[in-house]
Amino acid sequence: DAGVTQSPTHLIKTRGQQVTLRCSPISGHKSVSWYQQVLGQGPQFIFQYYEKEERGRGNFPDRFSARQFPNYSSELNVTALLLGDSALYLCASSSGTGREQYFGPGTRLTVT
Amino acid sequence: TQLLEQSPQFLSIQEGENLTVYCNSSSVFSSLQWYRQEPGEGPVLLVTVVTGGEVKKLKRLTFQFGDARKDSSLHITAAQPGDTGLYLCAGNRGNTGKLIFGQGTTLQVKP
């Protein structure tokens with residue numbers, strides 16, 4: 001079975017632009033969580049979606065938004081990009097409440 | 001505020017040595033996971049511990065959850081170069097989809 005997939009792999013954007021990152025969970029998994037990992041640190045929780053509803057939100061500004069589609073795939077959208085948004089964005093899927101999460105390879109976002 | 005503190009942050013050892021990584025918190029977690037991450041890749045789940053005092057083994061890796069469910073340890077016996085990577089502990093409070101990660105321990109095993 002395919003694992004969690006994310007696209008694109010790498011992305012370079014300019015300050016002020018917006019970006020959309022995509023994630024497909026493991027088949028059968030209904031929960032998707034998004035994390036931001038800055039170099040040298042552990043991942044920081046951004047959002048969780050379960051059955052297309054937002055179930056949790058981390059300490060991130062309103063420039064960050066997400067949604068989940070009927071097929072359980074998800075998009076993370078970030079507007080008005082700042083240099084500090086440069087990071088590895090990770091998507092994780094889980095079958096239930098999210099205790100055990102399986103991560104995708106991530107999208108490396110560079111903001112210049 | 002870092003809810004989960006990992007130590008040490010960096011570890012460089014020779015092949016065949018043993019090591020222990022610690023993950024400590026003042027908060028209680030309903031479960032705790034350990035992940036290993038290679039550069040440029042996503043974390044890979046190694047183990048989940050749920051019960052206080054629980055011990056799980058995965059080949060040469062031994063994981064323990066503290067009795068009070070506030071801390072955990074990862075012990076590697078006879079480390080090999082293939083064990084090199086970033087080890088992350090992550091706690092879950094209330095079985096939600098929000099994992100709280102430690103800052104990670106970078107392990108380098110030299111042949």
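It should be noted that the structure appears before, not after, this text.
(A) Representation of the sheet that holds strand E3 (residues 19-24) of chain A in the model. Residues and elements named next belong to chain A. Spatially, E1-E3-E8-E7 is the arrangement adopted by the four strands of the open sheet, whose pairing is antiparallel. Edge positions in the sheet fall to strand E1 (5-7) and strand E7 (64-68), since each of these pairs with one other strand and no more. Going from strand to strand, the sheet's axes swing by 15 degrees on average, the running direction of each strand aside. Bridge count for E7 against strand E8 (residues 74-78) is five bridges, and the pairing is antiparallel. By the bridge assignment for E8, glutamine 68 is matched with serine 74.

(B) The arrangement of the environment of B:Ser30 in detail. Residue and element names in this part refer to chain B. Along the chain, the position of serine 30 falls in the loop between strand E3 (19-24) and strand E4 (31-37). The exposure class assigned to serine 30 is buried, which follows from its relative accessible area of 18%. Considering only alpha carbons, one finds serine 30 and lysine 57, 27 residues apart in sequence, at a separation of 20 Å. Within polar-contact distance, the side chain of serine 30 engages the backbone oxygen of asparagine 92 at 2.7 Å.

(C) The interface of chain B and chain A, seen in detail. The interface is formed by 22 residues belonging to chain B together with 20 residues belonging to chain A. Taking both partners together, chain B and chain A bury about 1500 Å²; carbon and sulfur atoms supply 55% of that area. Inspection of the chain B/chain A interface yields zero salt bridges. Where chain B packs against chain A, one counts eight residue pairs in polar contact (both at pLDDT 80 or more). Among the elements of the structure, E4, strand E5 (44-49), strand E9 (85-92) and strand E10 (99-101) of chain B are those that each provide at least two residues to the side of chain B that touches chain A. If you tally residues by element for the side of chain B that touches chain A, the top one is E4(B), at four residues. For the side of chain B that touches chain A, the class distribution of residues is eight nonpolar, twelve polar and two charged.

Each value, and the rule that gives it
- Residues numbered from 1 in each chain as written.
- Chains lettered and ligands numbered in written order.
- Predicted model: local features only at pLDDT ≥ 70, side-chain atom pairs only at ≥ 80, totals over all residues.
- Heavy atoms only, no water.
- Pairing = 2+ DSSP bridges.
- Helix = DSSP H or I, 4+ residues; strand = E, 2+ residues; numbered from the N terminus.
- Axes fitted to C-alpha atoms, helices over the stretch in contact; angles between N-to-C directions.
- Buried < 20%, exposed > 50% of the residue type's maximum accessible area, 1.4 Å probe, protein only.
- Polar contact = N/O pair within 3.5 Å; in protein donor to acceptor, adjacent residues only side chain to side chain.
- Contact = heavy atoms within 4.5 Å.
- Buried area = accessible area lost by both parts, 1.4 Å probe.
- Salt bridge = Lys/Arg side-chain N within 4 Å of Asp/Glu carboxyl O.
- Nonpolar A, V, L, I, M, F, W, Y, C, P; charged D, E, K, R; others polar.

Read these as geometric descriptors, not functional statements.
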